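# Close look at the chain arrangement
Listed below are the residues making up each chain.
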Amino acid sequence: MKVRMTLSLPLIFLLMISGVFGQWNVIYETQSICALKGSTVNMSCSYTYPQQYKLIDTFWIKRSDMKSLKEYPEYKHRVEYIEHRQNQTAVLRLHNITENYESEYCFRLITNTEGQKWYGKPGIQLKISALQVKAPQLVLEKERVNLTCETTCSLTDGFIWYKNGQALKIQSETLQLQSERSDSGRYSCAVRGHQHLPSPAVNITVMYPPQNVSVSISASGEILEGDSVTLSCSSDSNPPALIFSWFKENQTSAVGSGQSFIISSFNSSHSGRYYCEAQNQYGSQRSASVSVSVKGDWNILYMIAVCVTAAIAAGFVLLFLIIIVHKRTKKINNDSKDTQQKKTSAGKASESGDAENASVQDDRDTDTKKPEEEEIEYASITIHHPATEAKSAASQETDLSVIYSSIR
C-alpha cells in the first residue's frame, strides 16, 4: 500500500502541473509605456486559464499589492476596466495620470476554486513624462539660441511649438532662434495629439543696446533770457538705459548726466548744439544734435543773415548793371568807329580823285611846254596804326592834307 501511494503521488503532481498550472498565461501588448502627464493611457493584454475552473473575477493590480486598483481612493474615479471574456482580452484605462501613477501594472484572474488564482508577471511598466522647455531666459540680440522640448521618458509622437499661444511651423524636438528683437515672448511645446497638454511656458527676453536715441526740449516756443530749459534723452533698449551723458558740440568733456539735463537760468553763453549718449550693459549710442539758443541771439543771427543775403544780392545786381553798361558803351564805340572809318574812306576817295585830276592837268601843261621831259607818276602812301585810327575826323583830315601837300 505504501508503494502504491508513493507511485500515485508523482502522477497526481504531474497531472496537476499539466492540467492546472500549465494553462495559466497572461501576454501583455508591451512591457513599457511612456505616457504624457495629464493624458489617458491604455494597457492591454490577452490571457488563458484552465477551463475546468470557472473564472469569477478579473482586475488590474499594482505588482506591489494584490488588490484591485479600484480600491485605491486615488484611482477610484480615474480607472476603467474593459474586458472581453469570450475573446479573453482585457484593457486597463487610466485617465488624467500624474507622476504618482508610475508603477508596474499586472492583470489578475480569480476562479471559483480555492487557491486557483493567477496574475501575469512581469507586468507593464508605466512611466509618466512631463514636458518642459529648456532655454535661456535672457539672450543677446543676434545670438543663436536652441529651445528644447524635454521629456522624462521617450515619447514617440511628434512635437508642436507655440509662441504666445500661437502654433509655429517648427515640429521637431528643438526650436532654433536667431534672437531677433521680435523673438521675445512666451514659448511652450506640446506632443502631437495632446495639444491640450502643453508644457509650462518659458519667457524669453532678447537684450539689445540703446537704439533710436533722441533729445527733446521742454521749453515751448522761443527761449527768453533767464528761462529754465530742460533737455530730455530717450532711447529704445533692453534693459532700459540707466546711464545718460550730455555733451555740447565743440567741448571735449560732458556738461551733464542723467536722463534730463536742466539749465535753470538760460543765457547767451548756454546757446549751442547739444546731444546725449545713452548706455546699458550691452552698448551705447548718441543722439543727433539739437540747437538751443535765446530769442535775442536768434534775432541777431537772423539780422546778420538777412544783411549778408541782401548785400550779396545787391552786389550781383550791381555787377549785372555794370556788365550791361559796358556792353552798350562798347557797342556805341564800335558803331562810332565804323562811321568814322566810312567817312575817312569817302574823304580819301574824293581827295584821290582831285589829286588825279590835278596831276592830269599838270601833265597836260607839261606836255605842252616840255614835250621832251619824262613823265613822273606819284602815288599816295597811307600807313594805318591802331592809335591813329582812334583819332577824331578833323585830325585825320589834317593828316591827309599834309600827305597830299607832300606828294604835290
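Attention in this report is confined to the structure presented alongside it.

Basis of the calculations
- Residues numbered from 1 in each chain as written.
- Predicted model: local features only at pLDDT ≥ 70, side-chain atom pairs only at ≥ 80, totals over all residues.
- Heavy atoms only, no water.
- Buried < 20%, exposed > 50% of the residue type's maximum accessible area, 1.4 Å probe, protein only.
- Helix = DSSP H or I, 4+ residues; strand = E, 2+ residues; numbered from the N terminus.
- Pairing = 2+ DSSP bridges.
- Salt bridge = Lys/Arg side-chain N within 4 Å of Asp/Glu carboxyl O.
- Phe/Tyr/Trp six-rings, centres within 6.5 Å; stacked < 30°, edge-to-face > 60°.
- Lys NZ or Arg CZ within 6 Å of the ring centre and 35° of its normal.
- Core = buried A, V, L, I, M, F, W, Y, C linked by side-chain atoms within 4.5 Å.
- Contact = heavy atoms within 4.5 Å.
- Axes fitted to C-alpha atoms, helices over the stretch in contact; angles between N-to-C directions.
- Disulfide = S-S within 2.5 Å.
- Polar contact = N/O pair within 3.5 Å; in protein donor to acceptor, adjacent residues only side chain to side chain.

Before going further, it helps to spend a moment on the pairing of strand S6 (residues 89-94). Only one face of S6 is buried: it carries Ala90, Leu92 and Leu94, and the other face, with Thr89, Val91 and Arg93, is open. One ladder, built from 6 bridges, connects strand S3 (residues 41-48) with S6; its direction is antiparallel. Bridge pairing in S6 links Cys45 to Ala90. Here strand S5 (residues 79-84) pairs with S6 via 6 bridges, running antiparallel. Bridge pairing in S6 places His84 opposite Thr89. Between S5 and S6, which follow one another and run antiparallel, lie 4 residues, and Gln88 among them has a positive phi close to 55°.

Before going further, it helps to examine the pattern of salt bridges. Under the defined criterion, the tally for this structure stands at 8 salt bridges. Of the charged contacts, one joins Glu99 and Lys37 as a salt bridge, the two residues approaching to 3.3 Å between their closest N and O atoms. With Glu99 in the loop between S6 and strand S7 (103-111) and Lys37 in the loop between strand S2 (32-36) and S3, this residue pair connects regions lying 62 residues apart in the sequence. A residue is classified by how much of its surface remains accessible, and Glu99, at 39% relative accessible area, is partly exposed.

All chains considered together, the criterion is met by 10 aromatic pairs. Within the aromatic cluster, the residues linked to one another by ring pairs are Tyr28, Tyr47, Trp60 and Phe107. Stacked on the ring of Tyr72, the Lys or Arg Lys62 has its end atom at 5.4 Å from the ring centre. Stacked on the ring of Tyr72, the Lys or Arg Lys67 has its end atom at 4.6 Å from the ring centre.

Another aspect to go through is the nonpolar core. In this structure, Trp60, Leu94, Tyr105, Phe107 and Leu126 are the most contacted members of the largest nonpolar core, which totals 33 residues. Looking at this core, the elements that each hand over two or more residues are strand S1 (25-28), S2, S3, strand S4 (55-62), S6, S7 and strand S9 (124-129). The greatest single-element share of this core, amounting to 5 residues, is contributed by S7. Setting aside residues up to four positions removed in sequence, Leu94 forms contacts with Ser39, Thr40, Val41, Met43, Tyr75, Arg78, Val79, Tyr101, Tyr105 and Leu126. If you look at the next biggest cluster of nonpolar residues, it comprises 19 residues, including Leu36, Val133, Leu177 and Leu197.

Reading across from one edge, S10-S12-S15 is the order of the 3 strands in this open sheet, with antiparallel pairing throughout. Taken across any chain shown, the strands that pair with only one partner, and hence form the sheet edges, are strand S10 (132-134) and strand S15 (174-177). In this sheet, neighbouring strand axes are inclined to one another by 20° on average, regardless of whether the strands run parallel or antiparallel. Sheet topology places strand S12 (residues 145-150) next to S15; 4 bridges connect them, and they run antiparallel. The residue bridging Leu147 from the neighbouring strand is Leu175, located in S15.

Turning our attention to the state of the cysteines. Counted according to the given criterion, the structure contains 3 disulfides. Shown here is the disulfide that connects Cys34 with Cys153, its sulfur atoms set 1.7 Å apart. Judged by the sign of its S-S torsion, about 70°, the cystine formed by Cys34 and Cys153 is right-handed. Here Cys34 is found in strand S2, whereas its partner Cys153 is found in the loop between S12 and strand S13 (159-163), with 119 residues between them in sequence. Of the residues examined, Cys34 reaches a relative accessible area of 22% and is grouped as partly exposed. Between Cys149 and Cys189 runs a disulfide, and the two sulfur atoms are separated by 1.9 Å.

As a further point, take the sheet that holds S1. The strands making up a sheet associate through hydrogen bonds between their backbones, and the pairing can be parallel or antiparallel. Pairing in this open sheet of 4 strands is antiparallel, and the strands run S1-S3-S6-S5 from one edge to the other. The open sheet has two edge strands with one neighbour each: S1 and S5. With strand direction ignored, the average angle separating the axes of adjacent strands in the sheet is 20°.

Next up on the list: the pairing of S4. Among the 8 residues of S4, 6 are classified as buried, and the element is accordingly described as predominantly covered. Bridge count between S4 and S7: 7 bridges; the pairing is antiparallel. Within S7, the residue paired with Trp60 across the bridge is Phe107.

Tracing the backbone shows Ser269 in the loop between strand S21 (260-263) and strand S22 (272-280). Residues Ser269 and Val294, spaced 25 residues apart in sequence, show a C-alpha to C-alpha distance of 9.5 Å. Only 2.3 Å separates the side chain of Ser269 from the side chain of Asn267, close enough to count as a polar contact.

The linkage connecting Lys121 with the following residue, Pro122, adopts the cis geometry, with an omega of -5°. Going from Asn238 to Pro239, the amide bond is cis rather than trans, its omega being 5°. Of note, Pro239 is situated in the loop between strand S18 (229-238) and strand S19 (243-248). One non-glycine residue, Asn164, lies in positive phi territory at about 55°. Position of Asn164 relative to the elements: it lies in the loop between S13 and strand S14 (166-167). The backbone of Asn250 shows a phi angle near 75°, a positive value even though the residue is not glycine. Take Asn250: it is sitting in the loop between S19 and strand S20 (256-257). Exposure remark for Asn250: the relative accessible area of 85% places this residue in the exposed category.

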